[in-house]
Amino acid sequence: MAIERTLSIIKPDATKRNLTGAINARFEESGLAIVAQKRLHLTRAQAEAFYAVHAQRSFYGELCAYMCSGPVVVQVLQGESAVTRHREILGATNPANAAPKTIRKDFGVSVQENSAHGSDSPTEAQREISFFFAQTEIVG
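What you are looking at is a predicted structure, and each value in this text was computed from that prediction instead of being measured.

**Student:** For the overall build of the chain, give the residues involved together with the corresponding values.
**Tutor:** A tally of helices and strands in the chain yields seven helices and four strands. Each helix and strand of the chain, ordered N terminal to C terminal, gives the series β-α-α-β-α-α-β-α-α-β-α. Taking the principal axes of the C-alpha coordinates as reference, the chain spans close to 35 × 35 × 25 Å. Buried residues in the chain amount to 45% of all 140 residues. When contacts within the chain are restricted to residue pairs at least 6 apart in sequence, those whose partners lie at least 24 apart make up 75%.

Encoded structure:
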């Protein structure tokens, strides 16, 4: 298996409820290392640029507004098959459909307020990581 990197975002609903540590513990317990991390408050322009792939979808405006509604934690996770492993730990996008003991099942409130974002492919992970981090900020 290959060592990969993926982007993880702890969303505003989770940071508001002080779940950053609990969520990160799940990543680390599953063998993923946090090799870069920032807490920030996205601007509308940043959210729109990051989620531009969804610009034509009906939920785009709501998603961008939500992602600007409070602080987020953006981070790079590294480990074997990190993209797939991270998404398994997150669970299904809709918390109601997520498997037991996943982050979205345990902490998610709704499809939008599902506590965390994860890259969906290695290619997308590279794009997303470079959106938030310079190579010199990643220490793993």
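**Student:** I'd like a description of the nonpolar core, backed by residues and values.
**Tutor:** Counting 21 residues, the largest nonpolar core has Ile9, Tyr51, Met67, Phe132 and Phe133 as the members making the most contacts within it. Looking at this core, the elements that each hand over two or more residues are β1 (3-10), β2 (33-40), α3 (44-50), α4 (60-67), β3 (72-80) and α7 (122-132). Of all the elements, α4 adds the most residues to this core, at five residues. Setting aside anything within four residues of it in sequence, one finds Ile9 in contact with Phe50, Tyr51, Met67, Val72, Val73, Val74, Ser115, Ala116, His117 and Phe132. In this structure, Leu77, Ala82, Ile89 and Leu90 belong to the second largest nonpolar core, which totals 14 residues.

**Student:** Could you give an account of α7, naming the residues involved and the relevant values?
**Tutor:** Within the span of α7, buried status applies to Glu124, Ala125, Glu128, Ile129 and Phe132. When α7 is viewed along its axis, its buried side chains cluster within an angular range of 130 degrees and face the same direction. Looking at α7, the residues exposed on the side facing more than 90 degrees away from the buried face are Thr123, Gln126 and Ser130. For α7, the elements touching its buried residues are β1, β2, α3, β3, α5 (82-90) and β4 (116-118).

**Student:** I'd like to hear about the environment of Glu113, residue by residue, with values.
**Tutor:** On the secondary structure map, Glu113 appears in the loop between α6 (103-107) and β4. Distance in space between the C-alpha atoms of Glu113 and Lys16 is 11 Å, their sequence separation being 97 residues. Discounting residues that sit within four places of it in the chain, Glu113 has contacts with Asp13, Tyr66 and Gly108.

How each quantity is defined
- Residues numbered from 1 in each chain as written.
- Predicted model: local features only at pLDDT ≥ 70, side-chain atom pairs only at ≥ 80, totals over all residues.
- Heavy atoms only, no water.
- Helix = DSSP H or I, 4+ residues; strand = E, 2+ residues; numbered from the N terminus.
- Buried < 20%, exposed > 50% of the residue type's maximum accessible area, 1.4 Å probe, protein only.
- Contact = heavy atoms within 4.5 Å.
- Core = buried A, V, L, I, M, F, W, Y, C linked by side-chain atoms within 4.5 Å.
- Arc of directions from axis to C-beta.

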